[in-house]
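Coordinates in review
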Amino acid sequence: MATKLIVTDLDNTLWDWFHVWYASFSAMLTKLEDLTGLPAEDLEPEMRMVHQRVGTTEYTFVLDEMPCLVERAWPRRPSEVFAEALAVRARVRRAETRLYDGVFDTLRRLSSAGVRVVAFTESNAYWTEWRIRKTGLDGLINVLFSAPDQGFPEGMSRDELRTNEPSSYGLKDTEHRTTPPGYLKPDPTILTSILDDCDIAPSDALFVGDSLIKDIGMANGVGVPSAHAAYGVAVAKPEYELLRRVTHWSDADVERERVLGAANAPHPTYVLAEYSDLLGVCGV
Ligand SMILES: [Mg+2]
């Protein structure tokens, strides 16, 4: 098949988001237990409460909104008193964030072959841009669609929070658009509008992602051929329980993911053992 457009998921498709999240978040949690003497069972429900408010589990200011930490740190802020925990999280995130093998080369070859690459994630704008810069994909992706940044501390704006040089934020060569607040896959509206914008028929595009429900289900709904990043599936790992305990997803979302077994899940057109299998699928 001659694919003209690839729409690719990012987390657990181009990089192992879950691994990095788990490694960095659990390191922060362990450090917080050490620093406060509070057990994880007391900390996790308050983290979940904050994540539910801001709609992400990657919220930089989570400690400042946890009542048990606010009380312990008073009159200072938890992020000052327990700064070591935040530093551990940042250090692990930086050390562990990398592309899956073959991703960079695959995107470079698709791009040289004239295939347009659109990235499409539910993750928030700030950390998605950070990961794209960190992995060197700025420019190899033509357009990025991400969720907007929603979670800021009470009364603070995005600009007030950015204390580094403006040039150290954002993307230079990838155009970044945000999806409407509250948008979630597999709602097909964004994928349909991407096809319209590029003036490409569904059969000339390919959607790549690790989630059968969100990614493959959405592609099937729009009639776009799909490739399942089977190597990225993380939901069955025991460590995934921590993400469920502190998640920003609703109980209904978590339950839906848990009960929708493989037998009922949407079927992809192709299954990828690694990202570079795309080259064969696209005839590049
Ligand atoms: Mg994903």
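All of these numbers come straight from a predicted model, not from anything done at the bench.

1. Here we look at the overall build of the protein
Looking only at helices and strands, one finds 13 helices and 7 strands in the protein. The C-alpha atoms of the protein give a radius of gyration of 19 Å, which matches the 19 Å a tight globule of 284 residues would have. Counting only C-alpha atoms and orienting by the principal axes, one finds that the protein spans roughly 60 × 45 × 30 Å. With 284 residues in all, the protein has 49% of them scored as buried. Residue pairs at least 24 apart in sequence account for 74% of intrachain contacts in the protein once pairs closer than 6 positions are excluded. Looking at the protein as shown, the accessible area adds up to about 13100 Å², and 52% of this sits on carbon and sulfur atoms. Side-chain charges of the protein comprise 29 positive and 43 negative groups, with the mean position of each set lying 3 Å from the other.

2. A look at the packing of aromatic side chains
This structure, assessed with the given rule, holds 12 aromatic pairs. Measuring from centroid to centroid gives 4.7 Å for Trp21 and Phe25, while their planes differ by 15°, and the two rings are stacked. Of this pair, Trp21 and Phe25 are both found in helix H1 (residues 17-36), 4 residues apart, which corresponds to roughly one turn of the helix. Assigned by exposure class, Trp21 and Phe25 land together as buried. A cation over an aromatic ring shows up here: Arg93 above the ring of Trp127, its NZ or CZ 3.8 Å from the ring centre.

3. A word on the side chain of Thr179
Relative to the helices and strands, Thr179 resides in the loop between strand S4 (175-178) and helix H9 (189-198). With relative accessibility at 4%, the residue Thr179 sits in the buried group.

4. Some points on the domain arrangement of the protein
Examined at the domain level, the protein breaks down into domain 1 (5-17 + 100-243 + 252-282) and domain 2 (21-95). On a C-alpha basis, the centres of domain 1 and domain 2 stand 27 Å from each other. Facing 15 residues of domain 1, the contacting portion of domain 2 comprises 17 residues. Surface buried jointly by domain 1 and domain 2 totals about 1500 Å² across both partners, of which 61% is contributed by carbon and sulfur atoms. The largest share of the area that domain 1 buries against domain 2 comes from Trp17, Trp127 and Leu242, three residues that together contribute 38% of it. Between the two partners, domain 1 and domain 2, sit 1 salt bridge. For the pair domain 1 and domain 2, the interface holds 6 residue pairs in polar contact (both at pLDDT 80 or more). Listing elements by their share of the side of domain 1 that touches domain 2, those giving two or more residues are strand S2 (116-124), helix H7 (125-134) and helix H11 (240-245). At 4 residues, H7 tops the list of elements feeding residues into the side of domain 1 that touches domain 2.

5. Some words on the sheet that holds strand S3 (residues 143-147)
Two modes of strand pairing occur in sheets, parallel and antiparallel, and in both the strands are linked by backbone hydrogen bonds. Spatially, 7 strands are ordered S4-S3-S2-S1-S5-S6-S7 in an open sheet, and the strand pairing comes out parallel. The open sheet is flanked by S4 and strand S7 (270-272), the only strands paired with a single partner. Ignoring which end each strand starts from, the neighbouring axes of this sheet average 20° apart. Here S3 runs beside S4; their pairing, made up of 4 bridges, is parallel. Bridge assignment links Ser146 to a residue of S4, and that residue is Thr178.

6. Describing unusual backbone geometry
For the bond from Trp74 to Pro75, the omega torsion is 10°, close enough to zero to count as cis. One non-glycine residue with positive phi stands out, namely Asn12, at about 65°. Its location among the elements puts Asn12 in the loop between strand S1 (5-8) and H1. Here the phi dihedral of Asp199 falls at roughly 55°; this positive angle occurs in a residue that is not glycine.

What counts and how
Residues numbered from 1 in each chain as written. Predicted model: local features only at pLDDT ≥ 70, side-chain atom pairs only at ≥ 80, totals over all residues. Heavy atoms only, no water. Helix = DSSP H or I, 4+ residues; strand = E, 2+ residues; numbered from the N terminus. Rg over C-alpha atoms; globule rule 2.2 N^0.38 Å. Buried < 20%, exposed > 50% of the residue type's maximum accessible area, 1.4 Å probe, protein only. Contact = heavy atoms within 4.5 Å. Areas by Shrake-Rupley, 256 points an atom, 1.4 Å probe, with all protein chains shown as cover. Lys, Arg positive; Asp, Glu negative; His and termini not counted. Charge placed at Lys NZ, Arg CZ, Asp CG, Glu CD. Phe/Tyr/Trp six-rings, centres within 6.5 Å; stacked < 30°, edge-to-face > 60°. Lys NZ or Arg CZ within 6 Å of the ring centre and 35° of its normal. Domains from an automatic or database assignment. Buried area = accessible area lost by both parts, 1.4 Å probe. Salt bridge = Lys/Arg side-chain N within 4 Å of Asp/Glu carboxyl O. Polar contact = N/O pair within 3.5 Å; in protein donor to acceptor, adjacent residues only side chain to side chain. Pairing = 2+ DSSP bridges. Axes fitted to C-alpha atoms, helices over the stretch in contact; angles between N-to-C directions.

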